[in-house]
Amino acid sequence: MNGNLTDYPLNDDVIQKGTQQRPPCRFEEFTVGSRNSNSNKLIPVILDVAHNPDAMKYLVKKIRATHPNKESKIRMVVGFSSDKDLKQCGQTLLDYISDPSKLHLVEAAHPRAAKLEEMFSAEPRLLQSNFDEKNRSITAQVESALYLAEENDEMLVVCGSVFLMAEAREALGIDEPRDSKYIAEVAGANLRHGQELFADRDPDKEILKN
């Protein structure tokens, strides 16, 4: 690094800004504009890679602490990896969101993503949630959830496996660099988002709990 350390002074404002920064999808909060061109309403969104029962309990606890007035105004888009405890994950979410119709279930475009049928078998109450057996994409449910969240003045929370986050961010209108289609097909085994393939690593295990 060029220059002296005195060229980069640390003061209270710099330290505060630095400590407030969070990695993407770690209780990442922002707003998105209305899908209705005639509306200027902003929809609050939280992205979090809570992907197992303990992480989901922590996510629920944090939502309650940071948004106590939104307790009954939460809508969730959720997808899991098939090797997680789907029953406990489903029960944790339903303990928090008593109305299953406020849950939107998705399948990530990844071989390890849990199928809808696996989720229903693990927790039958999830059959009352929002899902589409013909179009199981993350994009479809994010769009549906955004529409309903705006209509009902709700906050949208997208959580679960890291495998669903790239498509979710794209569906929410976040413009980020992406691999070319060719690279995605070669490196990603024909997945829609090549960056969701992490070779022999288990990204869920590598992600530290919040």
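Everything below is about the structure shown above.
Residues numbered from 1 in each chain as written. Predicted model: local features only at pLDDT ≥ 70, side-chain atom pairs only at ≥ 80, totals over all residues. Heavy atoms only, no water.

Here we come to the environment of Cys89. You can see Cys89 is positioned in helix H3 (residues 86-96). By relative accessible area, Cys89 is classed as buried at 0%. Residues Cys89 and Gly160 lie 71 residues apart in sequence; the distance between their C-alpha atoms is 9.2 Å. If sequence neighbours within four positions are ignored, Cys89 has contacts with His51, Asn52, Pro53, Met56 and Phe80. (Helix = DSSP H or I, 4+ residues; strand = E, 2+ residues; numbered from the N terminus. Buried < 20%, exposed > 50% of the residue type's maximum accessible area, 1.4 Å probe, protein only. Contact = heavy atoms within 4.5 Å.)

Tallied over the full model, the rule gives 11 salt bridges. One salt bridge in this structure joins Arg112 and Asp83, with 3.6 Å as the shortest N-O distance. Residue Arg112 is found in the loop between strand E4 (103-105) and helix H4 (116-122), and its partner Asp83 is found in the loop between strand E3 (74-79) and H3; the two are separated by 29 residues along the sequence. (Salt bridge = Lys/Arg side-chain N within 4 Å of Asp/Glu carboxyl O.)

Next up on the list: the pairing of strand E5 (residues 155-160). Among the 6 residues in E5, 6 count as buried, and that is most of the element. Residues Met155, Val157 and Cys159 line one face of E5 and the alternating positions Leu156, Val158 and Gly160 line the opposite face, and both faces are buried. In the sheet, strand E2 (residues 42-48) pairs with E5 via 4 bridges, with the strands oriented parallel. Paired with Asp48 across the two strands is Cys159, which belongs to E5. (Pairing = 2+ DSSP bridges.)

Okay, the packing of aromatic side chains next. Going through the model one piece at a time under the given rule, you end up with 1 aromatic pair. On the numbers, 4.7 Å between centres and 55° between planes, the contact of Phe120 with Phe131 is tilted. You can see Phe120 sitting in helix H4 and its partner Phe131 sitting in the loop between H4 and helix H5 (138-151), a full 11 residues away along the chain. Since its relative accessible area comes to 26%, Phe131 is described here as partly exposed. One cation-aromatic arrangement involves Lys62 over Phe27; the distance from NZ or CZ to the ring centre is 5.0 Å. (Phe/Tyr/Trp six-rings, centres within 6.5 Å; stacked < 30°, edge-to-face > 60°. Lys NZ or Arg CZ within 6 Å of the ring centre and 35° of its normal.)

With that out of the way, let us pick up the sheet that holds E5. Taken in spatial order, the 5 strands of this open sheet run E1-E2-E5-E3-E4, and their pairing is mixed. Each end of this open sheet is capped by a strand with a single partner; those strands are strand E1 (28-33) and E4. Taking each pair of neighbouring strands and ignoring which way they run, the sheet shows an average axis angle of 25°. Sheet topology places E3 next to E5; 6 bridges connect them, and they run parallel. From the neighbouring strand, Gly79 faces E5, where its bridge partner is Gly160. Seen against the sheet, helix H2 (residues 53-66) touches E2, E3 and E5 and runs at an angle of roughly 160° to E5. (Axes fitted to C-alpha atoms, helices over the stretch in contact; angles between N-to-C directions.)

Moving on: the pairing of E3. Among the 6 residues of E3, 6 are classified as buried, and the element is accordingly described as predominantly covered. Of the two faces of E3, the one carrying Ile74, Met76 and Val78 and the one carrying Arg75, Val77 and Gly79 are both buried.

A positive phi angle, close to 55°, is found at Asp153, a residue other than glycine. Relative accessible area serves as the criterion here: at 42%, Asp153 is assigned to the partly exposed category.

With respect to the element layout, Lys115 can be found in the loop between E4 and H4. The class for Lys115 is partly exposed, based on a relative accessible area of 42%. Sequence-wise, Lys115 and Leu105 are 10 residues apart; in three dimensions their C-alpha atoms are separated by 9.6 Å.

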